[in-house]
Amino acid sequence: MRYKGSLRSGGATAWFLQRFSGLVLIVLLLVHFAVLHGGDGVVTYEKVASRLATPAWKTFDLLFLVLGIFHGMNGLLMVIRDYATTGWKRGTLYAAVVAAGLVLLILGCLTVIPFQARLQ
Amino acid sequence: MNGYRWHTGSVAWFLHRLTGLALTLYIVLHIWVVHHLSLGPRAFDETMATVQSPLFRLLEIGLLGTVLYHSFNGFRILLFDLGIAVKAQRKVFWAAFVLTLAVLAYGGEKMLSHMMH
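Residues numbered from 1 in each chain as written. Chains lettered and ligands numbered in written order. Predicted model: local features only at pLDDT ≥ 70, side-chain atom pairs only at ≥ 80, totals over all residues.

Novice: Please clarify how the overall build of chain B should be interpreted in this entry.
Specialist: From N to C terminus, chain B includes four helices and zero strands. In chain B, the order of α-helices and β-strands from amino to carboxyl end is α-α-α-α. Relative to its length of 117 residues, chain B is extended, with a C-alpha radius of gyration of 18 Å against a globular reference of 13 Å. Each principal axis of the C-alpha atoms in chain B carries an extent, and together these give about 55 × 35 × 25 Å. For chain B, the residues scored as buried account for 18% of the 117 residues in total. Long-range contacts, defined here as pairs at least 24 residues apart, represent 71% of the contacts in chain B between residues at least 6 apart. (Helix = DSSP H or I, 4+ residues; strand = E, 2+ residues; numbered from the N terminus. Rg over C-alpha atoms; globule rule 2.2 N^0.38 Å. Buried ≥ 20, exposed ≤ 12 C-beta atoms within 10 Å, placed from the backbone. Contact = placed C-beta atoms within 7 Å.)

Next comes the structure, spelled out in structure tokens:
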């Protein structure tokens, strides 16, 4: 009963992408931790702005953003797949997760892409 | 326990789900907090003052433990999927567990000492 319904496809791709994004996220997290907790551990606008004004960090943060959101939302889809047994319930929850992911992605992109450092 | 048999494999699976859900909730909050960057220096530093208060600093150590477990256990899952060390799955779980505690002790100590200054 559990795997009935029209939304069952994509299991293998979802599975592979979850492993792949997870592995890349570990590497990105190491850099993230080294940079943010390596110094005195205090995060200020000045410090973040000087990094985020550069294309290299924008690229890093966008990659982090996309993979992080994907990994989290794809994980939620896997949980839903395990518990939501009817196609209707599953479809609704899937749509909610995808919508939440898109909202987060847009908010994150709006933070990172147009960012320019402002003076006080 | 309650008629359900808890093996290292099922405990590892359950903890992976639990930490995964917590991290997903965290990333939502994180993206929301960081978006204050686009509202200018004052808005961002005010938000940062809240999330860098002692309470949040302590919670952040919990976050480190959560992400460490999810990373090490995720790597363990990846190894098994590749057919590596499947027969040693219990040992690999304990290795992931000990690594989590070790790095948590190292990172937690650093974060605590930042908090004291």
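Novice: Is there a simple way to think about the overall build of chain A in this case?
Specialist: Across its full length, chain A carries four helices and zero strands. Its helices and strands taken in sequence order, chain A reads α-α-α-α from the N to the C terminus. In terms of C-alpha radius of gyration, chain A reaches 18 Å, well past the compact-globule figure of 14 Å for 120 residues. Counting only residues that meet the buried cut, chain A has 19% of its 120 residues in that class. Contacts spanning at least 24 positions in sequence make up 78% of the contacts within chain A whose residues lie at least 6 apart.

Novice: Before we go on, may I ask you to explain the interface of chain B and chain A in this structure?
Specialist: Interface size, as often reported, equals the accessible area lost upon joining of the parts. If you look at the interface, chain B gives 25 residues, while chain A gives 28 residues. Of all elements in the fold, only α1 (8-34), α2 (41-51), α3 (54-81) and α4 (89-116) of chain B reach the threshold of two or more residues within the side of chain B that touches chain A. If one sorts the elements of the side of chain B that touches chain A by residue count, α1(B) sits on top with eight residues. The residue makeup of the side of chain B that touches chain A, split by class, is 12 nonpolar, nine polar and four charged. (Nonpolar A, V, L, I, M, F, W, Y, C, P; charged D, E, K, R; others polar.)

Novice: What's the story with the nonpolar core in this structure? I'm lost.
Specialist: What tends to happen in soluble globular proteins is that the nonpolar side chains get buried as a cluster. Judged by nonpolar contacts, the single largest core of 14 residues is most densely connected at A:V48, A:L52, A:I69, A:M73, B:L37 and B:F44. Only α2 (45-52), α3 (55-83) and α4 (87-112) of chain A together with α2 of chain B provide two or more residues apiece to this core. Top element by residues in this core is α3(A). It accounts for five residues. Leaving out residues up to four positions away in the same chain, A:L52 has contacts with A:W57, A:K58, A:D61, A:V112, A:F115 and B:L37. Formed by five residues, the second largest nonpolar core is a distinct cluster that contains B:L23, B:V67, B:L68 and B:Y69. (Core = buried A, V, L, I, M, F, W, Y, C linked by C-beta atoms within 7 Å.)

Novice: Help me understand α4(B) in this model?
Specialist: Along an α-helix, residues three or four positions apart point the same way, because every turn accommodates 3.6 residues. All names here are of chain B. In this model α4 runs 40 Å from its N-terminal to its C-terminal C-alpha over 28 residues, within 8% of the 40 Å that 1.5 Å per residue would give. Turning to α4, its buried residues are V92, A96 and T100. Structurally, α4 contributes buried residues whose contacts are with α3. (Expected span 1.5 Å × (residues − 1).)

Novice: Is there a simple way to think about the packing of α3(A) against α4(A) in this case?
Specialist: Relative orientation and spacing of two packed helices are given, respectively, by the angle between their axes and the distance between those axes. Residue and element names in this part refer to chain A. Following both chains from N to C, one finds α3 and α4 inclined at 170°, their axes separated by 10 Å at the closest point. The angle between α3 and α4 falls in the class roughly antiparallel. Of α4, the residues touching α3 (which contributes K58, D61, L62, L65, I69, M73, L76, L77 and I80) are R90, L93, Y94, V97, G101, L104, L105, G108 and V112. Classifying every residue of the contact of α3 with α4 gives 13 nonpolar, two polar and three charged. (Axes fitted to C-alpha atoms, helices over the stretch in contact; angles between N-to-C directions. Parallel < 35°, antiparallel > 145°, perpendicular 65-115°, else oblique.)

Novice: Is there a simple way to explain the environment of A:D82 in this structure?
Specialist: Residues and elements named next belong to chain A. Relative to the assigned elements, D82 resides in helix α3. What makes D82 exposed here is the crowd of 10 C-beta atoms within 10 Å. Along the sequence, D82 and G108 sit 26 residues apart, while their C-alpha atoms lie 29 Å from each other.

Novice: Help me out: how do you make sense of helix α1 (residues 11-37) of chain A in this one?
Specialist: Compared with an ideal rise of 1.5 Å per residue, which puts 27 residues at 39 Å, α1(A) spans 37 Å between its outermost C-alpha atoms and is within 8% of the ideal. Every buried residue belonging to α1(A) is among A:S21, A:G22 and A:L25, and all of these are buried. As for α1(A), its buried residues are in contact with α3 of chain A together with α3 of chain B.

Novice: Looking at this structure, I do not really get the environment of A:D61. What am I missing?
Specialist: Residues and elements named next belong to chain A. With respect to the helices, strands and loops of the structure, D61 is situated in helix α3. Assessed through the 22 C-beta atoms surrounding it within 10 Å, D61 is described here as buried. In this structure, the C-alpha to C-alpha distance between D61 and I113, residues 52 residues apart in sequence, is 9.4 Å. Once you skip the residues sitting within four places of it in the chain, D61 turns out to touch L52 and V112.

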